Amino acid sequence: MAPSTLLSFPKLPLLSSSASLPLPLTPTLCSFKTMQVCWRRSGQRLLDHYPALSPFKSIYPLSSDGYGIDHPRYVSTISIKGAGHVVRKGTGGRSSVSGIIATVFGATGFLGRYVVQQLAKMGSQVLVPFRGSEDSHRHLKLMGDLGQIVPMKYNPRDENSIKAVMAKANVVLNLIGREYETRNYSFEEVNHAMAEQLAVIAKEHGGIMRFIQVSCLGASSSSPSRMLRAKAAAEESVLRVFPEATIMKPGIMIGTEDRILNRWAQFAKKWSFLPLIGDGSTKIQPVYVVDVAAAIIASLKDDGSSMGKIYELGGPELFTVHQLAELMYDMIREWPRYVKIPFPIAKALASPREFLLKKVPFPLPNPDIFNLDQINALTVDTLVSENALTFSDLGIVPHKLKGYPVEYLICYRKGGPAYGSTVSERVTGSEF
Ligand SMILES: NC(=O)c1ccc[n+]([C@@H]2O[C@H](COP(=O)([O-])OP(=O)(O)OC[C@H]3O[C@@H](n4cnc5c(N)ncnc54)[C@H](OP(=O)(O)O)[C@@H]3O)[C@@H](O)[C@H]2O)c1
């Protein structure tokens, strides 16, 4: 399907296309354009010839890769390989048109909200497939202009409903994943089969120019974790079906709604200690969730160089589990107290749920800190591999965790947000 037929926007005349302008204006504008092009090109030659004049480049950008008459500023810099003549309009903000119409599977989750926010911020239309209640996506609607974020009910097991939510898209992002099994869904179905199915449907669609699959750092066929093995199988299947897909493998994601530091803080507040699985010496590379979303957007904005590639997105610092717990305790201003739980005991504590899951005729509570599969994953270090493509290959410098990325933890301080703050980070009462 031709990209232009995918777009639901009215095709507005772009200034760069003189053919679509009213007739009386066209000759005047053409001659003006020609003059501008000549003037800029002669200026470019002059600057190339005399390097001493290079400071003027910043005053009046003449470089061929910057914006100029050939690359007007009102046109989005997003270039999608094969996108052809998608409509792009505006200065690049929320009310412009980036040309991207993205179906974001898993948009209702933790990473989803940051991805949707960044897509909407640059003027993309975002289709949000959801399977739960109307509440699951309502926070996303505010991230775009009216009609920019479009929730669409779907059923992940119904192929036709998947086709319907993808029909108008030119970009598909798969953020679906789950770190525990339920009675209804196995690790393999959620983390592998669904990804493969989306890739197959996207390929058949014919107009999907970019497919981004979010996997996990440490996903490998030899991982001790079933979820990570399923994620590795998904990477392989997606690339086989859709070789131009881009795979993103983030480390443990940290942010306001994360499922690690929040859980630890809640547990520590409730029980006055934190169980440290293993001896806390497993090395991990946690990453700020906003950086992961930024990496996804950066890969969509590139010239197609990230297509068919795998990126390992770990934060800038390595932590042991113990060091990350210390960071949490530091933020919540509680005295660190740990109970070290050796792996065999942790597994024994987590096993009953896994054993009973499909044997009892009612749903069991979702696992929290004692998740058997995550305990298995923690038995090995999870770090970015040596020759992997990373944030730097996408032009992103990831944030260090200490500071703003973990500031949301101040809500767990027993004496209010300013409790126990050092002078430099003390906040006045009036701010809260
Ligand atoms: N969180 C991390 O620390 C982390 C680290 C590395 C990689 N990842 C990966 O990054 C991706 C996003 O993570 P996240 O933390 O945003 O996950 P999340 O908050 O658990 O959200 C997962 C999303 O997947 C959807 N989903 C789960 N099971 C589904 C099913 N059976 N059918 C249809 N949709 C289903 C959820 O939809 P509902 O809202 O309807 O349940 C939700 O939108 C996942 O692939 C995850 O494996 C996460």
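Residues numbered from 1 in each chain as written. Predicted model: local features only at pLDDT ≥ 70, side-chain atom pairs only at ≥ 80, totals over all residues.

### Side note on the sheet that holds strand β5 (residues 210-214)
Link 1 in the chain: Read from one edge of the open sheet, seven strands run β3-β2-β1-β4-β5-β6-β11, paired in parallel fashion. What marks the edges here is a single partner per strand, and that holds for β3 (149-153) and β11 (310-313). Geometrically, the sheet is characterised by an average inter-axis angle of 20 degrees between neighbouring strands, direction not taken into account.
Link 2 in the chain: Both strand β4 (residues 171-174) and β5 contribute to a ladder of four bridges, which runs parallel. When the bridges of β5 are listed, V172 appears paired with F211.
Link 3 in the chain: Packed on one face of the sheet, helix α7 (residues 187-205) meets β1 (101-105), β4 and β5 and runs near 175 degrees to β4. (Pairing = 2+ DSSP bridges. Helix = DSSP H or I, 4+ residues; strand = E, 2+ residues; numbered from the N terminus. Axes fitted to C-alpha atoms, helices over the stretch in contact; angles between N-to-C directions. Contact = placed C-beta atoms within 7 Å.)

### Brief notes about the pairing of β4
Link 1 in the chain: Across the two faces of β4 the burial is the same, with V171 and L173 and V172 and N174 all buried.
Link 2 in the chain: Pairing between β1 and β4: four bridges, direction parallel. Its bridge partner lying in β4, F105 is registered against N174.
Link 3 in the chain: In the classification by handedness, the crossover that spans β4, the intervening α7 and the parallel β5 is right-handed. (Buried ≥ 20, exposed ≤ 12 C-beta atoms within 10 Å, placed from the backbone. Right-handed = clockwise from strand over helix to strand, strands pointing away.)

### Some thoughts on the site of the ligand
Link 1 in the chain: The environment of the ligand is formed by 22 residues, the closest being G106, G109, F110, L111 and G177.
Link 2 in the chain: Here the shell around the ligand gets three residues from one element, more than from any other, and that element is helix α4 (residues 110-121). (Near = placed C-beta within 6 Å.)

### Section: helix α8 (residues 226-241)
Link 1 in the chain: Given a rise of 1.5 Å per residue, 16 residues ought to cover 22 Å, and the 22 Å separating the end C-alpha atoms of α8 matches this to within 8%.
Link 2 in the chain: Inspection of α8 places M227, L228, R229, A230, K231, A232, A234, E235 and V238 among the buried residues, and these make up the whole buried set.
Link 3 in the chain: Packing partners of the buried residues in α8 comprise α7, β5, β6 (246-250), β11 and α13 (372-377). (Expected span 1.5 Å × (residues − 1).)

### Things to note about helix α10 (residues 289-301)
Link 1 in the chain: For α10, with 13 residues, the first-to-last C-alpha span of 19 Å sits near the 18 Å given by 1.5 Å per residue.
Link 2 in the chain: Along α10, 11 of the 13 residues are buried, which leaves the element largely enclosed by surrounding structure.
Link 3 in the chain: Turning to α10, its buried residues are V289, V290, D291, V292, A293, A294, A295, I296, I297, S299 and L300.

### Examining the packing of helix α6 (residues 159-166) against α7
Link 1 in the chain: At a closest axis distance of 10 Å, the pairing of α6 and α7 adopts a crossing angle of 55 degrees. For the element pair α6 / α7, the angle class is oblique. For the element pair α6 and α7, the recorded crossing hand is right-handed. Contacts between α6 and α7 involve E159, I162, K163 and M166 on the former and, on the latter, L198, I201, A202 and H205.
Link 2 in the chain: Grouping the amino acids of the contact of α6 with α7 by side-chain chemistry returns five nonpolar, one polar and two charged. (Parallel < 35°, antiparallel > 145°, perpendicular 65-115°, else oblique. Left-handed = near helix turned anticlockwise from the far one by under 90°. Nonpolar A, V, L, I, M, F, W, Y, C, P; charged D, E, K, R; others polar.)

### With respect to the environment of W264
Link 1 in the chain: Within the secondary structure, W264 is located in helix α9 (residues 261-271).
Link 2 in the chain: Sequence spacing of W264 and A325 is 61 residues, and the spatial spacing of their C-alpha atoms is 7.7 Å.
Link 3 in the chain: Once residues within four sequence positions are removed from consideration, W264 is found in contact with L274, A325 and M328.

### Considerations on unusual backbone geometry
Link 1 in the chain: Positive phi values are uncommon outside glycine, yet S272 reaches one of about 65 degrees.
Link 2 in the chain: Tracing the backbone through its elements, the reader meets S272 in the loop between α9 and β8 (274-277).
Link 3 in the chain: The class for S272 is exposed, based on 10 C-beta atoms found within 10 Å.

### Considering the environment of V380
Link 1 in the chain: Relative to the helices and strands, V380 is located in the segment after α13.
Link 2 in the chain: The spacing of V380 and T282 is 98 residues in sequence and 6.5 Å in space, taken between C-alpha atoms.

### Here we look at the confidence of the model for the protein chain
Link 1 in the chain: With 77% of its residues at a pLDDT of 70 or more, the protein chain shows a mean pLDDT of 84.
Link 2 in the chain: Residue range residues 1-30 is modelled with pLDDT below 50. Its contacts to residues more than four positions away, or to other chains, number 35 contacts. (pLDDT = per-residue confidence, 0-100.)

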